[in-house]
Protein chains: 4
Amino acid sequence: MTGTAATQGEQGKVEPPAANPSRYRFRVALHDIDAAGILFYGHLFRHAHDAYEAFMASIGFPLAEIIRAGDPLLPLVHAEADYLLPLRHGEAIQVELGVLRLGDAAFTLGYRFRDDQGQLRARARTVHVRLSPDRAGSAPLPPALVAALQAWRWEDETP
Amino acid sequence: MTGTAATQGEQGKVEPPAANPSRYRFRVALHDIDAAGILFYGHLFRHAHDAYEAFMASIGFPLAEIIRAGDPLLPLVHAEADYLLPLRHGEAIQVELGVLRLGDAAFTLGYRFRDDQGQLRARARTVHVRLSPDRAGSAPLPPALVAALQAWRWEDETP
Amino acid sequence: MTGTAATQGEQGKVEPPAANPSRYRFRVALHDIDAAGILFYGHLFRHAHDAYEAFMASIGFPLAEIIRAGDPLLPLVHAEADYLLPLRHGEAIQVELGVLRLGDAAFTLGYRFRDDQGQLRARARTVHVRLSPDRAGSAPLPPALVAALQAWRWEDETP
Amino acid sequence: MTGTAATQGEQGKVEPPAANPSRYRFRVALHDIDAAGILFYGHLFRHAHDAYEAFMASIGFPLAEIIRAGDPLLPLVHAEADYLLPLRHGEAIQVELGVLRLGDAAFTLGYRFRDDQGQLRARARTVHVRLSPDRAGSAPLPPALVAALQAWRWEDETP
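Remember, predicted model here, so these are calculated numbers, not experimental data.

Engineer: Run through the relation of the copies chain A and chain C, naming residues and quoting values.
Structural biologist: You can overlay chain A on chain C at an RMSD of 0.0 Å; the transform is a turn of 180° with a shift of 0.0 Å along its axis. This pairing of chains is accounted for by a two-fold axis. Looking at the rotation axis and the C-alpha trace of chain A, the residue lying nearest is Asp34 of chain A, at 2.6 Å. Both copies present the same face, since 100% of the interface residues in chain A are matched by interface residues at the equivalent positions in chain C.

Right under this line is the structure:
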């Protein structure tokens with residue numbers, strides 16, 4: 001019961017920035033599973049984005065505020081994932097998020113999906129480009145965002 | 001920053017049973033919003049079910065284990081929701097879950113979706129019937145489940 | 001009608017208004033199924049809304065244009081569904097859509113989900129209220145919308 | 001081809017195999033759009049999979065039957081997408097599906113998402129491996145599947 005509660009408490013929890021804002025947890029839900037009995041591959045990106053939203057809020061760039069302000073808009077131009085081992089209903093998954101590449105107008109994030117034993121079950125990558133305020137093209141990333149992302153660089157470029 | 005972290009920490013958090021297993025939190029995600037700029041009504045049920053899964057686990061009936069065991073299967077036969085005020089991107093929502101009705105072979109759960117100010121934004125209701133192990137029809141709810149649900153009865157039958 | 005249904009064949013097809021705008025077909029997809037092996041109840045509302053979008057377009061009120069114009073906005077204030085028999089992966093489902101109630105500022109739509117044998121598998125209902133252009137409250141439905149909805153009234157108020 | 005596209009008309013319709021099983025159409029739905037006002041990137045994969053399901057059925061391998069039979073199981077091990085131009089609510093999109101690579105135990109599918117003007121808006125790729133019936137590892141693709149996929153090879157390996 002306490003154990004159950006303890007693991008439950010981890011659902012969707014984001015550790016405070018002081019500890020590590022790049023970790024996000026979720027439990028594979030009933031509706032995440034498809035007719036083949038495993039997490040539907042498209043839903044992995046929903047969870048990756050939830051981890052991304054929590055991460056961006058933790059570094060001071062909550063997406064809801066950015067979108068209302070209209071800048072910096074950071075549309076996703078590429079996404080990919082590798083499915084190493086199927087995710088099953090009820091599993092507690094931790095998403096480790098890091099910065100794989102940091103360019104002038106774009107950045108690439110990596111996501112590692114690990115189970116309770118720390119085994120890597122899936123990984124993903126998303127590429128975001130900053131739109132110029134007039135939305136005509138790209139624009140340099142705001143220095144404050146670059147500085148915030150720098151703190152979460154990963155050494156290699158493979159998630 | 002700490003404040004930000006504190007509100008973030010609430011994402012998907014379920015309070016331990018000792019406190020109140022009937023409360024579940026989530027933050028309205030980018031993908032919850034539709035072309036009209038508000039939470040897509042169908043997604044409210046996804047969040048309600050996440051609260052239901054967390055609740056069932058907290059009272060000792062994790063859905064993943066129940067489904068693997070094949071009993072007690074509790075298919076949903078009715079669902080409804082009232083949308084009082086639109087849910088917006090980034091809002092922190094708390095779902096209060098309670099038992100509205102507890103019958104011989106079925107139970108009705110209520111869900112209240114409140115914002116940070118405690119305002120009721122939406123409410124939902126789901127009706128679950130226990131399938132007989134041979135799946136030919138319904139069957140009485142297991143006494144242990146009835147006892148667990150009794151602890152979370154609400155006084156009225158309106159969520 | 002049987003012929004019409006037969007000729008509709010593929011998923012998602014909506015007959016041209018002249019024939020019957022109130023029928024919409026889809027095939028239960030791999031990702032519609034949940035860990036219990038049946039359509040996740042929340043996804044029924046996604047399909048109901050797809051039928052609603054196709055219906056509204058067929059009667060001259062495409063939602064995308066309405067939302068861009070900002071009027072008439074018709075937010076959904078209530079939704080409910082009864083799940084009579086589980087929907088399985090790969091099943092071809094026809095959604096019959098009709099108007100259950102037509103009020104001054106609101107209307108209620110009914111949805112019947114039938115399989116290839118015409119058996120009723122699920123039904124749903126959604127209530128829509130017209131927002132006043134200033135969004136301060138409700139407003140009378142536009143006469144052109146009332147006239148269009150009148151053509152699809154159902155005799156009883158049960159979907 | 002233009003004629004083919006024209007006759008496809010409504011969303012979700014797939015041409016009969018004799019005509020062209022590799023084209024699938026859908027309309028961007030209200031719930032496909034996110035808080036940024038464009039199709040949520042994860043949903044592109046849901047549409048890609050719908051096109052894949054329609055394709056597999058059209059070449060004689062309906063996923064629902066394959067999964068019930070338990071063989072050949074073709075789990076997805078990699079997925080990726082490029083988002084060239086945002087997809088907007090109400091747009092009619094045609095998905096062109098082809099075989100990019102055909103190996104001994106795996107195949108790669110490409111997806112091109114085009115608008116009504118034929119402009120390429122997004123592209124995706126999925127890699128599928130055949131599980132051995134004992135699920136211990138991979139196994140050669142069934143000859144009948146290889147033959148069916150051969151008919152839809154694309155010349156280059158870029159979707």
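Engineer: Kindly report on the packing of aromatic side chains, identifying the contributing residues and their values.
Structural biologist: Working definition: an aromatic ring pair is given by the centre-to-centre distance plus the angle between the planes. Applying the stated criterion across every chain, the model contains 18 aromatic pairs over all chains. When the ring of Tyr41 of chain D is compared with that of Tyr83 of chain D, the centres are 6.1 Å apart and the planes differ by 85°; the resulting orientation is edge-to-face. Placement of the pair is Tyr41 of chain D in helix α2 (residues 41-58) and Tyr83 of chain D in strand β2 (residues 76-83), with a sequence separation of 42 residues. An aromatic cluster is defined as three or more aromatic residues linked by ring pairs; in this entry it consists of Phe40, Tyr41, Phe45 and Tyr83 of chain A together with Phe40, Tyr41, Phe45 and Tyr83 of chain D. If you follow Arg112 of chain A out to its NZ or CZ, it ends over the ring of Trp154 of chain A, 3.8 Å from the centre.

Engineer: Before we move on, can you summarise the sheet that holds strand β2 (residues 76-83) of chain B with the specific residues and values?
Structural biologist: With respect to topology, 10 strands assemble into an open sheet ordered β1(B)-β3(B)-β4(B)-β5(B)-β2(B)-β2(C)-β5(C)-β4(C)-β3(C)-β1(C), the strand pairing being antiparallel. Whereas interior strands pair on both sides, the edge strands pair on one side only; in this sheet they are β1 (23-27) of chain B together with β1 (23-27) of chain C. On average, each strand axis in the sheet is inclined to that of its neighbour by 20°, with strand direction left out of account. Here seven bridges tie β2 of chain B to strand β5 (residues 120-129) of chain B, and the two strands are oriented antiparallel to one another. Across the sheet, Ala81 of chain B pairs through a bridge with Ala124 of chain B, a residue of β5 of chain B.

Engineer: Talk me through the environment of Gly137 of chain D; I want residue IDs and the actual numbers.
Structural biologist: Residues and elements named next belong to chain D. Relative to the assigned elements, Gly137 resides in the loop between β5 (120-129) and α4 (143-150). Owing to a relative accessible area of 27%, Gly137 belongs among the partly exposed residues under this scheme. In contact with Gly137, not counting residues within four places along its chain, are Arg130, Leu131 and Ser132.

Engineer: I'd like a description of the pattern of salt bridges, backed by residues and values.
Structural biologist: Residues and elements named next belong to chain B. All told, the structure shown has 34 salt bridges over all chains when counted by the stated rule. For Arg130, the salt bridge identified is with Asp71, shortest N-O distance 2.8 Å. Highlighted residues: Arg130 in the loop between β5 and α4 (143-150) and Asp71 in the loop between α3 (63-69) and β2, separated in sequence by 59 residues. Overall, Arg130 belongs to the buried group, its relative accessible area being 10%.

Engineer: Could you give me a rundown of the environment of Phe55 of chain B, with the residues and numbers involved?
Structural biologist: Residue and element names in this part refer to chain B. With respect to the helices, strands and loops of the structure, Phe55 is situated in helix α2 (residues 41-58). Classification of Phe55 by relative accessible area gives buried; the value is 0%. Counting along the chain gives 33 residues from Phe55 to Ser22, while the straight-line C-alpha distance between them is 6.0 Å.

Engineer: Tell me what's going on with unusual backbone geometry, and back it up with residues and numbers.
Structural biologist: Note the cis peptide between Asp71 of chain C and Pro72 of chain C, where omega equals 0°. Residue placement: Pro72 of chain C occurs in the loop between α3 (63-69) and β2 (76-83). With phi around 60°, Arg135 of chain B is a residue other than glycine that occupies positive phi space. Given a relative accessible area of 52%, Arg135 of chain B falls into the exposed group.

Engineer: I'd like a description of the sheet that holds strand β1 (residues 23-27) of chain D, backed by residues and values.
Structural biologist: The antiparallel open sheet is built from 10 strands, whose spatial order is β1(A)-β3(A)-β4(A)-β5(A)-β2(A)-β2(D)-β5(D)-β4(D)-β3(D)-β1(D). Two strands in the sheet have a free side with no partner beyond their single neighbour: β1 (23-27) of chain A together with β1 of chain D. Across the sheet, the mean angle separating the axes of adjacent strands is 20° when strand polarity is ignored. Those strands touched by α4 of chain D are β3 (92-102) and β4 (106-114) of chain D, and its axis lies near 125° from that of β3 of chain D.

Here is what the cut-offs are and how they apply
Residues numbered from 1 in each chain as written. Chains lettered and ligands numbered in written order. Predicted model: local features only at pLDDT ≥ 70, side-chain atom pairs only at ≥ 80, totals over all residues. Heavy atoms only, no water. Least-squares fit on C-alpha atoms with pLDDT ≥ 70 in both. Contact = heavy atoms within 4.5 Å. Phe/Tyr/Trp six-rings, centres within 6.5 Å; stacked < 30°, edge-to-face > 60°. Helix = DSSP H or I, 4+ residues; strand = E, 2+ residues; numbered from the N terminus. Lys NZ or Arg CZ within 6 Å of the ring centre and 35° of its normal. Pairing = 2+ DSSP bridges. Axes fitted to C-alpha atoms, helices over the stretch in contact; angles between N-to-C directions. Buried < 20%, exposed > 50% of the residue type's maximum accessible area, 1.4 Å probe, protein only. Salt bridge = Lys/Arg side-chain N within 4 Å of Asp/Glu carboxyl O.

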